[in-house]
Amino acid sequence: MAYLTFQEYLQNGFTMITDEKIFDQHERAAETQIDITTQFFYNADYAANSLVDDLAGNQWQVFRAKQFKRAIALQCDYFDEVGADTPVGIANQDLSSIEIGRTHVQVNSSLNSTNFGKTGLATSVVAILSQIGLMSRAVSYR
């Protein structure tokens with residue numbers, strides 16, 4: 001089950017992606033990257049936490065679930081904007097210089113400043129995930 005549907009994406013005011021097939025591709029990629037980064041917090045196969053249950057839970061759970069969906073939407077927009085939806089694809093889009101014969105062109109790319117480390121996640125997405133507590137790397141004591 002997708003974390004975010006195309007209809008939810010549009011209903012939440014996101015308009016960058018207009019093709020549902022492209023959205024679905026970016027959403028699956030965003031799911032993968034965010035699952036890895038959040039240690040599969042809402043992953044249905046892991047079943048430790050339920051996005052559906054949180055959307056019907058207490059005030060904090062509803063807020064966290066809505067912000068999580070917002071992070072997915074922002075990540076989809078980021079993938080669409082940079083023209084790639086994998087960390088390697090994003091790195092390949094970040095052309096900093098090229099040399100052809102005696103001609104050398106160097107560009108100051110801002111892609112590194114919008115990408116969190118080598119995760120492929122947009123810095124705004126990481127900010128949201130951090131604020132809702134999904135970026136912590138605590139060790140379980142159980």
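Residues numbered from 1 in each chain as written. Predicted model: local features only at pLDDT ≥ 70, side-chain atom pairs only at ≥ 80, totals over all residues. Heavy atoms only, no water.

A short note on the packing of helix H2 (residues 20-37) against helix H4 (residues 59-82)
It is at 9 Å that the axes of H2 and H4 come closest, and there the two elements cross at 115°. Considering the relative orientation of H2 and H4, their crossing is right-handed. For the pair H2 and H4, the contacting residues are Ile 22, Phe 23, His 26, Glu 27, Ala 29, Ala 30, Glu 31, Gln 33 and Ile 34 in the first and Phe 68, Ala 71, Ile 72, Gln 75, Cys 76, Phe 79 and Asp 80 in the second. Per-class residue counts for the contact of H2 with H4 are 10 nonpolar, three polar and three charged. (Axes fitted to C-alpha atoms, helices over the stretch in contact; angles between N-to-C directions. Helix = DSSP H or I, 4+ residues; strand = E, 2+ residues; numbered from the N terminus. Left-handed = near helix turned anticlockwise from the far one by under 90°. Contact = heavy atoms within 4.5 Å. Nonpolar A, V, L, I, M, F, W, Y, C, P; charged D, E, K, R; others polar.)

Here we look at the packing of H4 against helix H7 (residues 123-131)
The geometry of H4 relative to H7 is characterised by a closest axis approach of 9 Å and an angle of 165° between their N-to-C directions. In this view, H4 runs roughly antiparallel relative to H7, as classed from their interaxial angle. Note that H4 runs across H7; the crossing there is left-handed. Where H4 abuts H7, its residues Trp 60, Gln 67, Phe 68, Arg 70, Ala 71, Leu 74 and Gln 75 lie against Ser 124, Val 125, Ile 128, Leu 129 and Gln 131. A breakdown of the residues in the contact of H4 with H7 according to their chemical character gives seven nonpolar, four polar and one charged. (Parallel < 35°, antiparallel > 145°, perpendicular 65-115°, else oblique.)

Quick word on the pattern of salt bridges
Tallying each qualifying case throughout the model produces two salt bridges. Here Lys 69 makes a salt bridge to Glu 8, at a shortest N to O gap of 3.0 Å. Taken as a pair, Lys 69 in helix H4 and Glu 8 in helix H1 (residues 6-11) lie far apart in primary sequence, 61 residues in all. Lys 69 gets classed as buried once you look at its relative accessible area, which sits at 10%. (Salt bridge = Lys/Arg side-chain N within 4 Å of Asp/Glu carboxyl O. Buried < 20%, exposed > 50% of the residue type's maximum accessible area, 1.4 Å probe, protein only.)

Some words on H4
Compared with an ideal rise of 1.5 Å per residue, which puts 24 residues at 34 Å, H4 spans 35 Å between its outermost C-alpha atoms and is within 8% of the ideal. A side-chain oxygen of the first residue of H4 lies 3.0 Å from the backbone nitrogen of Trp 60; this N-cap is Asn 58. Remark: Gly 83 follows H4 within two positions and exhibits a positive phi of approximately 80°. (Expected span 1.5 Å × (residues − 1). Polar contact = N/O pair within 3.5 Å; in protein donor to acceptor, adjacent residues only side chain to side chain.)

Quick look at the nonpolar core
Counting residues in each nonpolar core, the largest one holds 31 residues, and the members touching the most others are Tyr 9, Phe 68 and Leu 129. Those elements that provide at least two residues to this core are H1, H2, H4 and H7. (Core = buried A, V, L, I, M, F, W, Y, C linked by side-chain atoms within 4.5 Å.)

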